[in-house]
Structures are given as C-alpha cells and as structure tokens.
Amino acid sequence: MTSTVPPAVPHTDAQPPITMFGPDFPYAYDDFLAHPAGLGQIPATEHGTEVAIVGGGLSGIVTAYELMKMGLKPVVYEADQIGGRLRTVGFEGCSSHGGADELNCELGAMRFPPSSTALQHYIDLVGLATTPFPNPLAEATPSTVVDLKGESHYAETLDDLPAVYRQVAEAWNACLEEGADFSDMNQAMRERDVPRIREIWAKLVEKLDNQTFYGFLCDSTAFTSFRHREIFGQVGFGTGGWDTDFPNSILEILRVVYTEADDHHRGIVGGSQQLPLRLWEREPQKIVHWAPGTSLSTLHDGAPRPAVTRLHRTAGNRITVTDASGDIRSFKAVVFTAQSWMLLSKIACDDELFPIDHWTAIERTHYMESSKLFVPVDRPFWLDKDEDTGRDVMSMTLTDRMTRGTYLLDNGPDKPAVICLSYTWCDDSLKWLPLDANERMEVMLKSLGEIYPKVDIRKHIIGNPVTVSWENEPYFMGAFKANLPGHYRYQRRLFTHFMQDRLPEDKRGIFLAGDDISWTAGWAEGAIQTALNAVWGVMHQLGGATDPTNPGPGDVYDEIAPVELPED
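Read on for a plain summary of the structure. Note that the structure is predicted; figures quoted are calculated from it, not measured.

Quick look at the sheet that holds strand β2 (residues 73-77)
Sheet strands line up and pair through hydrogen bonds in the backbone, either parallel or antiparallel.
Here is step 1 of the chain: Pairing is parallel across the open sheet formed by 4 strands, whose spatial order is β2-β1-β12-β21. The outermost strands of the open sheet, each flanked by one partner alone, are β2 and β21 (510-512). Averaged over all pairs of adjacent strands, the angle between their axes in this sheet comes to 20°, without regard to strand direction.
Here is step 2 of the chain: Two strands pair when backbone bridges link them, and strand β1 (residues 50-54) and β2 are joined in this way by 5 bridges, in the parallel orientation. Bridging across to β2, valine 54 finds its partner in tyrosine 77.
Here is step 3 of the chain: Sitting on the sheet, helix α16 (residues 524-541) touches β1, β12 (334-336) and β21, and the angle it makes with β21 is about 160°.

Okay, structure coming up:
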C-alpha cells in the first residue's frame, strides 16, 4: 500500500487488476497493442507519405513509431529534447565520488502505476526494468514522517500514526462511497463491464461537472470536520498532500482514484527518459515498406527537426509547417502532441486549423504548476539509526512547511544517492519561482533542519542542486492540464478530436494528442492513449483500416463515446 490514506477497496489477487480502462472512454488500449494483427494498415499507394509529428515527448514518439511501422514517414519536430516531460538529468560537480556519475534525477514523470498497462507495453518492448517507488508509507519506503503544525509523527505503516489519520482515511473512503459509487465503479472497471461503467459515470458527470474537489469533500457527511479536511489536504492519499488540487474538478480526482493511478507506483531503472529515447532508436521487427534496420533515428539522420514556428492550411486541405530553421513543408496529416498552449503563444497559427469551439477549449485549458529540487548525496545516510530512538534518522517526509514532500532515493548501501528535497504544486510551486537552485536549497535545508535537528544534510551533499519549475519552461508553461469545474465539455472536444469524420472537411488533417488532451492528464498512460487515437485517425484519413479482429478506438467509438452534456 502506497497511500497515506488507502484506497477504499484494496486489491487482492482474487480480483482482476485495475487498469486505466475508462471511465470516460472505456477502450482496451492494452489489448489493442498486444493483438498479433497489429494496429492496422494503409494502402500501398500511401507508403512513404510524410506525416508531421509536432513534439518529441512520449506521445509524439509513440505516434511516430507506430506510423513508421505502418509504412508512413513520420517527420518529428522537437523544440528541446526527445522525451518532453520524461526528462532525466544528471548532476554537475559530483563525479569525483565513486559511482556518482551514474546518479540522475527525474525532473518530470518519476513514478508510474501498474494500472498504466499501455505504458507497460512499451516499457517491456524496449527492455526497461522498473522498481518500487518510495512513496509515503509504501512497502518500499523504510519510514515516513508526517510533520504538521510543528509536530512530527514517525511511521512505518499507517497504524503507527495517531488515530486522527485513520479517521481521515475512513472519512475519505466513506466520502467516495457516498458521493461517487466507488465500490461499484471499482468492480465494473476490474471486470471491464462497459455498460455498467458508462451508466455510473454518466450520472456522475452530469451531477459533478460543476463541483470542485473541496466542495465534494464539504458536501460529504463524512467530512464535516474542517480539521479532517485540513489534514487530508496536507497529507492526502497516494503521493502526498492534495490541497493544491482542491480548486480542480472532482471529476479529475475520481479518474485518479478509480484507476488507482496514485497507488503502487514504480520507477524506471536508469530514468524515464530512456523510454522515448529507446523507441527513437528501436528497429521494429514487423515493419511495412521500410527496409529492415529502419528506426525513427535513421529516418531523421539521427536528430528530429527543430521547433515548429508556424502552422497554416494551404490548398488541397494540406497543413503547412514552418520550423525554426526556416524550412517549409506541407503534409496531408499533422499530429500535434505538444502542450496545447503552444498553439496560442510559441507557434503562429492559422485560425482555420480548428473549429472555433476547439480553439475555445484550447484557450480555457488550465495547467498545474509544479517544481522539484534534487541534490546528490554521498550515501543513503537516512538509514542510519538514531541512538536514542532506534529509528531512521531521516524519512520520506510530508509536511506543511515549504518543502511539502521530500523523497529519499537510494541506489544501495554506501553508494551515492539522491534526495528530492522538495516536490510542490500550484501556489506552493509559485513561491519558489523567483529563486534559483541554490536559494531554493537553502530554504529547503532550513525547513528540513527544523524537522530533523540532529541531521546535517548539507555535509552529505556532493554536487550542485538541480531544479525545475515547469510553469517557467518555455515549451511547457506548466506541468500538465487539470480541469476546473465546468470544463468537461472542453475536455470532451479535445479528446474526441481524432474522430474527424464529424468535423467539417476544411477542419480535418491536424490531430491533437498528448496527455493534456487525455482524460488522465499528467499520466504517461494518457499520452499513449491519445497517441494511439491519433494513429488510428491518420490511418483512417489516408484510407487505411484496422484488422476486423482488432478494432481500433475509432472503430468502436459510437459504442463507448464519452458522455455528451447539453450545450444550452
């Protein structure tokens, strides 16, 4: 169990596993990927046709890889580096310590739930290994300290915390049952009971689209205590405090808890950026049109095209792309996988690219800020025992102090290790924005020194701190999308954009993909699901089709389409 506040229905081996199957669009992307018939094929007359992929993050690379396998020629444009928010970086200044040159930190995605089964397909495909991630009170976490209002509690399991934390856990479970039919949805998703999932979710979408996370808690008879709501916000469930999510739509939170997206996390050994980088270099065994040994890398002479600076429509309903080098190319199809706000700021766009309702949805996209700061240390000193108490001298830490969440990441006894001194969101992240890495480190060390007065963290630091504020990254402007109340209709427009037969003919040809137009923004699974939607869309536009034994997301769309709320 990784939750400070556990899921309402614990998983047992006797039940089918929970996957990110719905609730909005209950399509089995994992089965689609695993099927021996493949994802589909295009007419031979289209083999070698260039398709532009804007953005070289996970969604863009998966899209490009699968289109290449069909015989198309993806042209990937990337403004920064392959990987997007799968960004793994090393440390400067610590190479003199044995093994320290192998240290790295995850500035973006660093933990993935087993329910991300489409993601796992690609992790397995490229031969990467995963390891349990040390979330609060996870089995892989030696100990956790919860520090609120100047009072610290040491725990190895939830039962070690004061009774009020169990009361909060019980309140959250009761709240989910009372307001969100949690057990029924949990069982329906385990069994992949599509009619039942759609029935439950349709009622909840209509009922809760206008409700915040905090309002949902307040409306529950289980959460009448402000003190309980406060503790829940500061300590939360899964990965830590969720008070920064309180203004967001409760539908966003329900998607997370229904799919166990915030539980049982694992990290990718060696860093998450390896996944898109290995897909970039991978030479698929089953490939159409291209010679054996072809990879995305070989098709691009080793490097993607530079940043896209302009997108506009030209005659023949083609999409014309201009990049930072001044190169201009026209395409029958373009897949845009970068964060949507790029279409409003960094890229000069023709208004005719999308229907006006889709532009509105793009403009109303709400992004979460997020910041992290890491330091390399000489060894996992936190496992030393306090002489007086016999406890670990330092623990995975949740606090209401400036650091909020501190994660301890070791590589084995006496080997150099990494501390994520702070991981924050939204307003907590904005507090750090004006400070550079060293200034941030000083504030964080002061906060942690108040929690652990006997521990001199500074004496163990062997290199320079590394930090990120995603809201300040020029090609991102935020960590990921998080819908506000009333945004469901906008979300639906963006997710369903791949079904272009429903669009006017002069608005087709450019496809949206990426986690921020998925129903599970911030999760790599959403990036992959929308990539596979776009792959189906491009294939369909070019006259291709799936095998009848393996229908794609567009083939079964009418049967499982997301709930459509009235516009009037």
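Read on for the rest.
Points about the sheet that holds strand β16 (residues 396-399)
Here is step 1 of the chain: Spatial ordering of the open sheet is given by β7-β6-β16-β17-β18-β15-β19, a layout of 7 strands whose pairing is mixed. Edge positions in the sheet fall to β7 (151-155) and β19 (466-469), since each has one partner strand and no second. On average, each strand axis in the sheet is inclined to that of its neighbour by 15°, with strand direction left out of account.
Here is step 2 of the chain: Note: strand β6 (residues 144-148) against β7, 5 bridges, orientation antiparallel.

Observations concerning the packing of aromatic side chains
Here is step 1 of the chain: Counted under the stated rule, the structure contains 29 aromatic pairs.
Here is step 2 of the chain: Their ring planes at 40° and their centres at 4.8 Å tell us that tryptophan 172 and phenylalanine 232 sit as a pair that is tilted. Within this pair, whereas tryptophan 172 is found in helix α4 (residues 163-180), its partner phenylalanine 232 is found in helix α8 (residues 226-235), the two being separated by 60 residues in sequence.
Here is step 3 of the chain: Ring centres 5.4 Å apart and planes at 25° place the aromatic pair tyrosine 488 and tryptophan 519 in the stacked group. You can see tyrosine 488 sitting in helix α15 (residues 488-495) and its partner tryptophan 519 sitting in the loop between β21 and α16, a full 31 residues away along the chain.
Here is step 4 of the chain: Judged by its relative accessible area of 2%, tyrosine 488 is buried.
Here is step 5 of the chain: Three or more aromatic residues joined by ring pairs make a cluster, and in this case those are Phe25, Tyr27, Tyr29, Phe32, Tyr488, Phe495, Phe498, Trp519, Trp536 and Tyr557.
Here is step 6 of the chain: Looking at lysine 346, its charged tip hangs above the ring of tyrosine 475, at a distance of 5.4 Å from the centre.
Here is step 7 of the chain: Just above the ring of tyrosine 423 sits the side chain of lysine 372; from NZ or CZ to the centre is 4.6 Å.

Considering the pattern of salt bridges
A side chain with one charge may pair with a side chain of the opposite charge, provided their charged atoms come close.
Here is step 1 of the chain: Within the structure shown, the criterion is met by 36 salt bridges.
Here is step 2 of the chain: The shortest N-O distance in the salt bridge between glutamate 473 and arginine 87 comes to 3.0 Å. Residue glutamate 473 is located in the loop between β19 and β20 (480-481), and its partner arginine 87 is located in the loop between β2 and β3 (88-89); the two are separated by 386 residues in the primary sequence. In this structure, glutamate 473 and arginine 87 share a single accessibility class: buried.
Here is step 3 of the chain: As a salt-bridge pair, aspartate 386 and lysine 454 come within 3.0 Å of each other at their nearest N and O atoms. Remark: lysine 454 occurs in the loop between α14 (437-451) and β19 and aspartate 386 occurs in the loop between β15 (370-377) and β16; sequence separation between them is 68 residues.

Some words on α16
Along an α-helix, a turn takes 3.6 residues, which lines up residues three or four apart on a common side.
Here is step 1 of the chain: For α16, built from 18 residues, the straight-helix expectation of 26 Å at 1.5 Å per residue is met to within 8% by its first-to-last C-alpha distance of 26 Å.
Here is step 2 of the chain: In terms of burial, α16 is a largely internal element, 16 of the 18 residues being buried.
Here is step 3 of the chain: Phi for glycine 543, located one or two positions after α16, is positive at around 90°.

Definitions and cut-offs
- Residue positions are given per chain, counted from 1 along the sequence in the order it is written.
- With the structure being a predicted model, the display of local features is reserved for residues of pLDDT at least 70 and the display and counting of side-chain atom pairs for 80 or more, all residues being used for whole-chain, interface and lining totals.
- Heavy atoms from the whole structure form the basis of all side-chain values; hydrogens and water molecules are not counted.
- Whether two strands pair comes down to DSSP finding at least two bridges between them.
- Secondary structure follows DSSP: runs of H or I at least 4 residues long count as helices, runs of E at least 2 residues long count as strands, and numbering of each begins at the N terminus.
- Here the axes come from fitting lines to C-alpha atoms, over the contacting stretch only for helices, and the angles between their N-to-C directions go from 0 to 180 degrees.
- By definition in these notes, contact holds between two residues if any of their heavy atoms fall within 4.5 Å.
- Ring geometry is summarised as follows: Phe, Tyr and Trp rings, the Trp one being its six-membered ring, pair when their centres sit within 6.5 Å, and such pairs are stacked at plane angles under 30 degrees, edge-to-face over 60 and tilted between the two.
- For every residue, the accessible area obtained with a 1.4 Å probe (protein chains only) is divided by the maximum for its type, and the residue is called buried under 20%, exposed over 50%, and partly exposed between those limits.
- Here, over-ring charges are defined by two tests on the NZ atom of lysine or the CZ atom of arginine: distance to the ring centre within 6 Å, and angle to the ring normal within 35 degrees.
- Take a side-chain nitrogen of Lys or Arg and a carboxyl oxygen of Asp or Glu: if they are within 4 Å of each other, that pair is a salt bridge.
- Expected span, for any helix, means 1.5 Å times one less than how many residues it has.

Keep in mind that these numbers describe shape and distance, not what the molecule does.
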